[in-house]
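Structural description and commentary
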Amino acid sequence: MLVPKKVKHRKWHKGRKRTSGVETRGTELNFGNFGLKAKERAWLTSRQIESARRAMTRFVQRSGKIWIRVFPDKPVTKKGQETPMGGGKGAVDHYVAVVKSGRILFEMDGVEEKVAKEALRRASYKLPIHTKFITRDSM
């Protein structure tokens, strides 16, 4: 699973999940000819990203090349069950990648368009957001 080697601060503020907002960076295909683009905002956990990566890799039978364009670097804390109020903030439980709409999540190259479309469709089922298949030609 994807986990940062080091973060500046161990525990971060939660931040605001705004309903609107579009990504300005990472919105174009830079490496491959096919990609999976986010259509809404969410936090993607490292488990979800890894699950999507496995689904793609298994379908293409390890041929071609896959790029993961998001990285979970935001720590999310959680307190233990049945813990009374107070006592400070909980320990770091997992890491998430903050994704806005328009962000390219995965890229793929070295396979036919039909195969890439099916592989990215299977990967999209593992993610908690709506996504869109894009090609270099469609951009």
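What comes next is a walk through the structure. (Residues numbered from 1 in each chain as written. Predicted model: local features only at pLDDT ≥ 70, side-chain atom pairs only at ≥ 80, totals over all residues. Heavy atoms only, no water.)

As for the overall build of the chain
For the chain, the count of helices and strands is 2 helices and 7 strands. Secondary structure elements in the chain, listed N-terminal to C-terminal, are β-β-α-β-β-β-β-α-β. The dimensions of the chain, computed from C-alpha atoms along their principal axes, are 55 × 30 × 25 Å. Relative to its full complement of 139 residues, the chain shows a buried share of 35%. Contacts in the chain between residues at least 24 apart in sequence constitute 81% of all its contacts with a sequence separation of at least 6. Positive and negative charge centroids in the chain, built from 33 and 13 side chains respectively, lie 8 Å apart. (Helix = DSSP H or I, 4+ residues; strand = E, 2+ residues; numbered from the N terminus. Buried < 20%, exposed > 50% of the residue type's maximum accessible area, 1.4 Å probe, protein only. Contact = heavy atoms within 4.5 Å. Lys, Arg positive; Asp, Glu negative; His and termini not counted. Charge placed at Lys NZ, Arg CZ, Asp CG, Glu CD.)

Things to note about the sheet that holds strand β4 (residues 74-78)
The antiparallel open sheet is built from 3 strands, whose spatial order is β2-β5-β4. What marks the edges here is a single partner per strand, and that holds for β2 (42-45) and β4. With strand direction ignored, the average angle separating the axes of adjacent strands in the sheet is 50°. Pairing between β4 and strand β5 (residues 91-99): 5 bridges, direction antiparallel. Looking across to β5, one finds that Pro75 is bridged to Tyr95. Against the sheet, helix α1 (residues 46-59) makes contact with β2 and β5, and its axis sits at roughly 70° relative to β2, the strand it touches most. (Pairing = 2+ DSSP bridges. Axes fitted to C-alpha atoms, helices over the stretch in contact; angles between N-to-C directions.)

Observations regarding helix α2 (residues 113-125)
An ideal rise of 1.5 Å per residue puts 18 Å on 13 residues; α2 measures up with 19 Å between its terminal C-alpha atoms. Where α2 is concerned, the buried positions are Ala116, Ala119, Leu120, Ala123 and Ser124. Seen end-on, α2 carries its buried residues on one side only, within an arc spanning 140°. Residues of α2 that are exposed and point more than 90 degrees away from the buried face comprise Lys114 and Tyr125. Along its buried surface, α2 packs onto β1 (34-38), α1, β6 (104-109) and β7 (131-135). (Expected span 1.5 Å × (residues − 1). Arc of directions from axis to C-beta.)

As for the packing of α1 against α2
At a minimum axis separation of 8 Å, α1 and α2 run at an interaxial angle of 150°. On the basis of the axis angle, α1 is roughly antiparallel to α2. Read as a crossing pair, α1 and α2 show a hand that is right-handed. Where α1 abuts α2, its residues Ala52, Ala55, Met56 and Phe59 lie against Val115, Glu118, Ala119, Leu120, Arg122 and Ala123. A per-class count over the contact of α1 with α2 returns 8 nonpolar, no polar and 2 charged. (Parallel < 35°, antiparallel > 145°, perpendicular 65-115°, else oblique. Left-handed = near helix turned anticlockwise from the far one by under 90°. Nonpolar A, V, L, I, M, F, W, Y, C, P; charged D, E, K, R; others polar.)

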